[in-house]
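# Fold and geometry: a report
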Amino acid sequence: MLKKISLGQGQDRVAEEAIKNAKLNGYWVMLENCHLYPSWMPKLAQICEDLADPSQEGNIHAGFRLWLTTYPSEDFPMTVLQNSIKMSNEPPEGLSTNLELSYKSLPLSDMDFFENHHNPTQFKTLIYSLCLFHSIIQERRSFGSIGWNIYYDFNMSDLRVSLLNLKEFTKGNPNNIPFKALYYMIGECNYGGRVTDYHDRRLLQTLLQDVLSHKVLYSGHHFFDIEEYEVPPVGTYNSYLEFISKLPLEQPPELYGLHNNALISKAVQDTDVITKKLIGIVGTPSSAFKEDGGSGDEEEKAIAPILELKNKIPSRFIEKMVSTKYPVLYEESMNTVLQQEVARFNRLIDRIIFSLSQLVDALKGDIVMSNELEEMAESINQKRIPKIWLEVSYPSLKPLASYIDDLSQRIDFFNRWIEEGIPKLFWISGFFFTQSFLTGVSQNYARKYKVSIDQLDYSFEFGYPITEDVKTTEEKLDRPNDGCYIYGLYFEGCAWDANDKRLIECRGRETMCPAPIILILPTEEKRRDSRSEYHCPVYKTMERKGVLSTTGHSTNYILSIDVYTDLDPKTWIKRGVALICQLSE
């Protein structure tokens, strides 16, 4: 006998009573969705500890079993995990394995659903296309941010509902399949209901319209023009399983819409994950820092790297001097931008200096080592940016040493601005809050020409990559009448043709490519080029994901820049091409 209980508010007494009766009478109990009742997890840990007590062995029936189901959760008791037999249900790896699972699951395993259709030729072909789409979007997750900005939990329930929609929508005229309705139901509702990022939703629709379309109904069609992946001949249920079993074990990234170099990004990402875990294991634990300081030599060894790090922190700005030299003016919004940036960087520098001083005092034993300082010490030992800094910092994925160097470069950029005047060439990656800079550019234009800032858009003109030092390049530039020149961006997922000023496929084994100087020009009427344009998103870090803001975009997202291309813009959407402000090295 198996008694199932779905945990939630008020189910604790029911669960405890069921366990008590089951261990006496010898039946099984399954507590489902443990992650939904975090407040009861300590009690569950106590119950499991009592069950494992050898002195209680005579009071527990030999047939008793306790099953627990949960999503990954920090609230689930670690002791229960350590002392249990664990089973995990994860999506299969590999496209062919994923396709096979789709066909062996409901509703496709139901022969009445699979075979009973008035137009089986089209229906079975579209089923295969939909299952392939389901597998592709799952496999893209393994490529990190170039696959999807956010990791989405696509699962079999999405496919199941989409297959039911497919059967319902194809009951009518076989010559008039309502693909638009299918795209909306599948791409916007079933799968799209999970997708919160605008650019991920754009990618989802692009992949769906590529895989599920009129083209697949013609014999000899190859998905993504890859010879090994053609539309299978219409046949029986078993013939599809046999066809899937003969697919290659390893799939090229092109099948997922990516460039072959995406494998390099995937390998680097996997290596980073392993390296961070090894550093966490091997790195000196912060518990080695004694509050009483220990011996003199040990204390000096612990404090020396902290003091060395503290000496590298740049000096704070003198805000009063900045506001005097660059007062708030109606005609020049960049003065306001500068004052705001200076205030933000001062806040960050103050936090870093104060926390490092606190940590030194704690290591000497002058103050108590709090949990916050302990976590900070551990982060520094593991060459990571402390969480206490990130709370007031600009987004960054860099290791600690690179972060300090990057901070110094940003401070140098603004110091040159303060000393030499408003630059002709702006390092867009150096701003703390990039959106305020872009607003300043638009505001200058709006006030100059007396137009509403809400009616403005941006046009973009591309120059040439910087081949010498920035100062020399800036001296050769004339200040634009409107807008501003920016530099410091990197293309990810493609390369840049400097002669034709257009996007091209990656060269060699490159995954990143420096972007040229770009003129951002506010305009009331956007100029259109005769060539097609790819609306390329710009992100602050390579992670791309952030918190969803009120604009519907991630907080990591800055704006989209229109980039010229001779290829279909959908090619770059599938490639995951984006402009990145800051590399992770």
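Heads up: the structure comes first, above all this text.
This is a predicted model, so every value here is computed, not measured. (Residues numbered from 1 in each chain as written. Predicted model: local features only at pLDDT ≥ 70, side-chain atom pairs only at ≥ 80, totals over all residues. Heavy atoms only, no water.)

The next subject is the overall build of the protein chain. Helix and strand content of the protein chain: 20 helices and 14 strands. With the principal axes as the frame, the protein chain shows a C-alpha extent of 80 × 75 × 45 Å. A total of 585 residues make up the protein chain; the buried ones form 47% of that total. Once local pairs closer than 6 in sequence are excluded, the contacts in the protein chain between residues at least 24 apart make up 73%. Of the roughly 30100 Å² of accessible surface on the protein chain, 51% is carried by carbon and sulfur atoms. Averaging the locations of the 62 positively and 80 negatively charged side chains of the protein chain gives two centres separated by 3 Å. (Helix = DSSP H or I, 4+ residues; strand = E, 2+ residues; numbered from the N terminus. Buried < 20%, exposed > 50% of the residue type's maximum accessible area, 1.4 Å probe, protein only. Contact = heavy atoms within 4.5 Å. Areas by Shrake-Rupley, 256 points an atom, 1.4 Å probe, with all protein chains shown as cover. Lys, Arg positive; Asp, Glu negative; His and termini not counted. Charge placed at Lys NZ, Arg CZ, Asp CG, Glu CD.)

This brings us to the side chain of His259. Position of His259 relative to the elements: it lies in the loop between α10 (237-245) and α11 (262-282). Look at His259 and you get buried, because its relative accessible area is 17%. Beyond its immediate chain neighbours, meaning those up to four positions away, His259 contacts Pro253, Glu505, Cys506 and Arg575.

Let's shift gears to the side chain of His221. Positionally, His221 belongs in the loop between α9 (198-211) and α10. Sequence-distant contacts of His221, that is, excluding residues within four places in its chain, are made with Lys215, Val216, Tyr229, Glu230 and Val231.

With that settled, consider the pattern of salt bridges. Inspection of every chain in the model, using the stated rule, returns 19 salt bridges. Here Asp210 and Lys574 are joined by a salt bridge, their closest N and O atoms 2.4 Å apart. With Asp210 in helix α9 and Lys574 in helix α20 (residues 569-575), the pair connects residues that are 364 residues apart, well separated along the chain. Residue Lys448 is joined to Asp482 by a salt bridge in which the shortest nitrogen-to-oxygen separation is 3.0 Å. Of this pair, Lys448 sits in helix α18 (residues 434-449) while Asp482 sits in the loop between α19 (470-476) and β6 (484-487), and the two are 34 residues apart along the sequence. In this structure, a network of salt bridges that share partners links the residues Asp497, Asp500, Arg502 and Asp566. (Salt bridge = Lys/Arg side-chain N within 4 Å of Asp/Glu carboxyl O.)

If you trace the 4 strands from one edge of the open sheet to the other, you get β4-β6-β11-β5, paired in mixed fashion. One side of each edge strand has no neighbouring strand; the edge strands of this open sheet are β4 (425-427) and β5 (457-462). For this sheet the average axis-to-axis angle between neighbouring strands, irrespective of direction, equals 35°. (Pairing = 2+ DSSP bridges. Axes fitted to C-alpha atoms, helices over the stretch in contact; angles between N-to-C directions.)

Quick look at the pairing of strand β11 (residues 518-523) now. A large share of β11 lies buried, amounting to 6 of its 6 residues. Residues Ile518, Ile520 and Pro522 of β11 are buried on one face, and the alternating residues Leu519, Leu521 and Thr523, pointing to the opposite face, are buried as well. Bridge count between β5 and β11: 6 bridges; the pairing is antiparallel. Residue Asp457 lies in a different strand from β11, and its bridge partner there is Thr523. Across 3 bridges, β6 lies against β11 in antiparallel orientation. Within the sheet, the bridge partner assigned to Tyr485 lies in β11 and is Leu519.

Right, let's talk about the packing of aromatic side chains for a bit. We describe a pair of aromatic rings using the distance from one ring centre to the other and the angle between the two ring planes. Under the defined criterion, the tally for this structure stands at 39 aromatic pairs. Their ring planes at 80° and their centres at 5.9 Å tell us that Tyr128 and Phe243 sit as a pair that is edge-to-face. With Tyr128 in helix α6 (residues 120-139) and Phe243 in helix α10, this pair connects stretches of sequence that are 115 residues apart. The same class applies to Tyr128 and to Phe243, which are both buried. Their ring planes at 65° and their centres at 6.1 Å tell us that Tyr539 and Tyr557 sit as a pair that is edge-to-face. Linking Tyr539 in strand β12 (residues 532-541) with Tyr557 in strand β13 (residues 557-565), this pair joins segments that are 18 residues apart in sequence. The pair formed by Tyr539 and Tyr557 is uniform in burial state, with each residue classed as buried. Grouped by ring-pair contacts, the aromatic residues Phe345, Tyr394, Tyr403, Phe413, Phe414, Trp417, Phe426, Trp427, Phe431, Phe432 and Phe437 constitute a single cluster. Here the basic side chain of Arg140 rests over the ring of Trp148, its NZ or CZ set 6.0 Å away from the ring centre. The ring of Tyr394 carries Arg410 above its face, with NZ or CZ at 3.6 Å from the centroid. (Phe/Tyr/Trp six-rings, centres within 6.5 Å; stacked < 30°, edge-to-face > 60°. Lys NZ or Arg CZ within 6 Å of the ring centre and 35° of its normal.)

The peptide bond linking Leu106 to Pro107 adopts the cis configuration, its omega dihedral lying at 5°. Relative to the helices and strands, Pro107 resides in the loop between α4 (95-103) and α5 (111-115). Positive phi outside glycine occurs at Asp225, with the angle close to 60°. Here Asp225 lies in the loop between α9 and α10. Its identity as a non-glycine residue notwithstanding, Arg544 has a phi of 70°, on the positive side.

It is worth spelling out the nonpolar core at this point. In this structure, Tyr103 and Trp389 are the most contacted members of the largest nonpolar core, which totals 133 residues. Ranked by residue count, the leading element in this core is helix α14 (residues 334-364), at 13 residues. Formed by 20 residues, the second largest nonpolar core is a distinct cluster that contains Ala18, Cys34, Tyr37 and Phe64. (Core = buried A, V, L, I, M, F, W, Y, C linked by side-chain atoms within 4.5 Å.)

Let us now look at the sheet that holds strand β3 (residues 65-68). Spatial ordering of the open sheet is given by β1-β2-β3, a layout of 3 strands whose pairing is parallel. This sheet does not close on itself; its edge strands, each paired only once, are β1 (2-6) and β3. If you compare each strand with its neighbour and ignore which way they point, the axes differ by 15° on average. As paired elements, β1 and strand β2 (residues 28-32) share 5 bridges and run parallel to each other. What sits directly across from Lys3, in β2, is Val29.

In this section: the packing of helix α7 (residues 156-169) against helix α8 (residues 179-190). One way to put it is that α7 packs onto α8 with a least axis distance of 10 Å and a crossing angle of 165°. Taken as axis vectors, α7 and α8 run roughly antiparallel relative to one another. The handedness of the crossing between α7 and α8 is right-handed. Between α7 and α8, the contacting residues are Asp158, Val161, Ser162, Asn165, Leu166 and Phe169 on the first element and Ala181, Leu182, Met185, Ile186 and Asn190 on the second. Taken together, the residues that form the contact of α7 with α8 break down as 7 nonpolar, 3 polar and 1 charged. (Parallel < 35°, antiparallel > 145°, perpendicular 65-115°, else oblique. Left-handed = near helix turned anticlockwise from the far one by under 90°. Nonpolar A, V, L, I, M, F, W, Y, C, P; charged D, E, K, R; others polar.)

A cluster of nonpolar side chains, contributed by Leu2, Trp28, Trp67 and Met87, occupies part of the molecular surface with about 440 Å² of accessible area. Take Leu2: it is sitting in strand β1. (Patch = residues over 30% accessible without salt bridge, like charges linked within 9 Å, V, L, I, M, F, W, Y side chains within 5 Å.)

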